[in-house]
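What the coordinates show
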Amino acid sequence: MNRRHRCGPRLWAAALVLVTALGLAALPQLTASAASAAERPAVTLSKSQAGTGGSITVSGSGWRSKTLLMMLICGQSEPGRGVIGGTNSCANADGRAVTTGDKGTFSKKLPVAEPPVPCPCVVHVATVTGDKAQADAVLKVAGHPVKALPAQSGGGKLSVLTDTRLDGSSGVLTWFGAPASRTFVFTVGNVGSAPLKDPVFQVGTSHGVFAPQWEDQQWRGTIAPGRKAQIKLPVELTSGAHGNYLVSLKFGGKVLAEQPWGVGRPWGVTLFWILLCVVVPAAVFRIGMAVVERVRPRRSGGAGRHRGGLRLSEVTARLPRLTLPESSRRSTDTDPGPTTASTSTALPWFTPDTDPGAPAGQLSAPSDNSPTTKGNT
């Protein structure tokens, strides 16, 4: 009996230590779950109703620190269902960007604007970069029409089963700036309890820090519960788009898959502009030279045809004519014999002097022994 009484307190002490150790081991997990629940992104508004032209203060907590967020006023949406139609249902032109602080909080004013679709409306806050996170807060836009949300389809739910891919390739026209297009291929399974008939997907493309531009695309067919189907949806970018894009798939307000897409630069457009910058100035120069040639006045006698060039006949006609003395003309008239080219073309003062005492009509040039020179000496 004494042994039993002695072992009893020891067993209770060991059990107490074991329970305490288990409690301490589970405490971090409970703290982490509570912290994660407390740090879930949340949004609060300074006013629940406001009119167009005014402003409200949007405050948030539980976001990641130093994260860029986008705030939008969206229609056809509820916090439980998300934004139906994506950012096409939001007043994108009046949105504001904000960066969270070190503790994941923020506070900023947002102008009130009417969304392009009827209410019910929310202030939609979502991350721009990094892990996807979003939160909504109900807002009544005074004076804006209100319309009931479309009824949700049965209990059908879709889940992506395989990796997504983009099929297709760029052609020659894309190299010259034509829109790049691909086919978004993925396989989904109906994990709900009701069949899905002609489901409507939302496909969005985003570039850089900009939010995706969503487009509704309907797939024709029925997916029974527990069945799967391969779905192909077309995706097309704008003309001249290039760089790194992200294709997102959304169904029922939830993003199911994302696929990166690298689009090459349209070098054909660059080559076209380079050729245009070379050909156009050359053509303008040729046209200008032709106009100058037509407008420039021409010289008389056709001298403008050859720059500085004269014909031999024109040069000969401009030379002064030489007149022979009367004695030379007489000797030429009395001597009917043929004359050589040297005597006919020789100048008179270079002919040999045949008579030293020739009268005043001599043919040679006057010499220094003339009487006039002697008289002077």
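Scroll up to find the structure.
This text gives an overview of the structure that appears in the document. (Residues numbered from 1 in each chain as written. Predicted model: local features only at pLDDT ≥ 70, side-chain atom pairs only at ≥ 80, totals over all residues. Heavy atoms only, no water.)

A closer look at the overall build of the chain
Tallying secondary structure elements over the chain gives 7 helices and 20 strands in all. Expressed as a percentage of the 377 residues in the chain, the buried residues total 27%. Total accessible area on the chain is roughly 26000 Å²; 58% of this is exposed by carbon and sulfur atoms. (Helix = DSSP H or I, 4+ residues; strand = E, 2+ residues; numbered from the N terminus. Buried < 20%, exposed > 50% of the residue type's maximum accessible area, 1.4 Å probe, protein only. Areas by Shrake-Rupley, 256 points an atom, 1.4 Å probe, with all protein chains shown as cover.)

Some thoughts on the side chain of serine 89
Relative to the assigned elements, serine 89 resides in the loop between strand S6 (82-83) and strand S7 (96-99). Each residue touching serine 89, except ones within four places of it in the same chain, is listed here: Ile73, Cys74, Gly75, Gln76, Val83, Ile84, Pro115, Pro116 and Val117. (Contact = heavy atoms within 4.5 Å.)

Here we look at the environment of valine 138
Along the chain, the position of valine 138 falls in strand S10 (residues 134-142). For valine 138 and glutamine 49, which are 89 residues apart along the polypeptide, the C-alpha to C-alpha distance reads 8.8 Å. Setting aside its immediate chain neighbours within four residues, valine 138 contacts Leu45, Ser48, Pro79, Cys121 and Val122.

Describing the pairing of strand S4 (residues 68-74)
Counting buried positions along S4 yields 5 of 7 residues, so the element is predominantly enclosed. Two strands pair when backbone bridges link them, and S4 and S7 are joined in this way by 4 bridges, in the antiparallel orientation. By the bridge assignment for S7, leucine 68 is matched with threonine 99. Of the pairings in the sheet, the one linking S4 to strand S9 (residues 121-127) comprises 6 bridges and is antiparallel in character. (Pairing = 2+ DSSP bridges.)

Observations regarding the pattern of salt bridges
Counting across every chain of the model gives 4 salt bridges. Taking the shortest distance from any N to any O, the salt bridge between arginine 165 and aspartate 167 comes out at 3.1 Å. For arginine 165, a relative accessible area of 38% puts it in the partly exposed group. Aspartate 167 gets classed as partly exposed once you look at its relative accessible area, which sits at 29%. (Salt bridge = Lys/Arg side-chain N within 4 Å of Asp/Glu carboxyl O.)

A short note on the sheet that holds S7
Within a beta sheet, neighbouring strands are joined by backbone hydrogen bonds and run either parallel or antiparallel to one another. Reading across the sheet, the 5 strands line up as S2-S10-S9-S4-S7 and stay open at both edges, with mixed pairing between neighbours. Each end of this open sheet is capped by a strand with a single partner; those strands are strand S2 (49-51) and S7. The average angle at which neighbouring strand axes cross in this sheet is 35°, direction not considered. Across 6 bridges, the pairing between S9 and S10 is antiparallel. Looking at the pairing, valine 125 lines up with alanine 135 of S10. (Axes fitted to C-alpha atoms, helices over the stretch in contact; angles between N-to-C directions.)

Observations regarding the nonpolar core
Ranked by size, the top nonpolar core spans 23 residues in total, and within it Phe186, Phe201 and Trp261 carry the most contacts. Mapped onto this core, the elements with two or more residues apiece are strand S13 (181-190), strand S15 (200-207), strand S18 (228-236), strand S19 (243-251) and strand S20 (254-263). Contacts of tryptophan 261, omitting those with residues within four sequence positions, involve Leu166, Ala180, Ser181, Arg182, Val235, Leu237, Gly243, Asn244, Tyr245 and Val247. By size, the runner-up hydrophobic cluster in this structure holds 20 residues, among which are Cys121, Val123, Val125 and Val141. (Core = buried A, V, L, I, M, F, W, Y, C linked by side-chain atoms within 4.5 Å.)

Observations concerning the sheet that holds strand S8 (residues 106-111)
The 3 strands are arranged S1-S3-S8 in an open sheet whose pairing can be described as antiparallel. Lying at the two open borders of the sheet, with one neighbouring strand each, are strand S1 (42-45) and S8. Strand-to-strand twist across the sheet, computed as the mean angle between neighbouring axes with direction ignored, equals 25°. Sheet topology note: the S1/strand S3 (residues 55-61) ladder contains 4 bridges and is antiparallel. Paired with leucine 45 across the bridge in S3 is valine 58.

Structural notes on the state of the cysteines
Summed over the entire model, instances satisfying the criterion amount to 2 disulfides. A sulfur-sulfur distance of 1.9 Å marks the disulfide that ties cysteine 74 to cysteine 90. In this structure, the disulfide formed by cysteine 74 and cysteine 90 twists by about 100° around the S-S bond and is classed as right-handed. Here the residue cysteine 74 occupies a position in strand S4, and cysteine 90 occupies one in the loop between S6 and S7, the gap between them amounting to 16 residues. In terms of burial, cysteine 74 and cysteine 90 fall into one category: buried. A sulfur-sulfur distance of 1.8 Å marks the disulfide that ties cysteine 119 to cysteine 121. The sign of the -90° torsion about the S-S bond sets the cysteine 119-cysteine 121 disulfide as left-handed. Of the two residues, cysteine 119 and cysteine 121, neither departs from the other in class, the shared state being buried. Each bonded cysteine of the chain is numbered by sequence order, and under that numbering the disulfide pairs are 1-2, 3-4. (Disulfide = S-S within 2.5 Å.)

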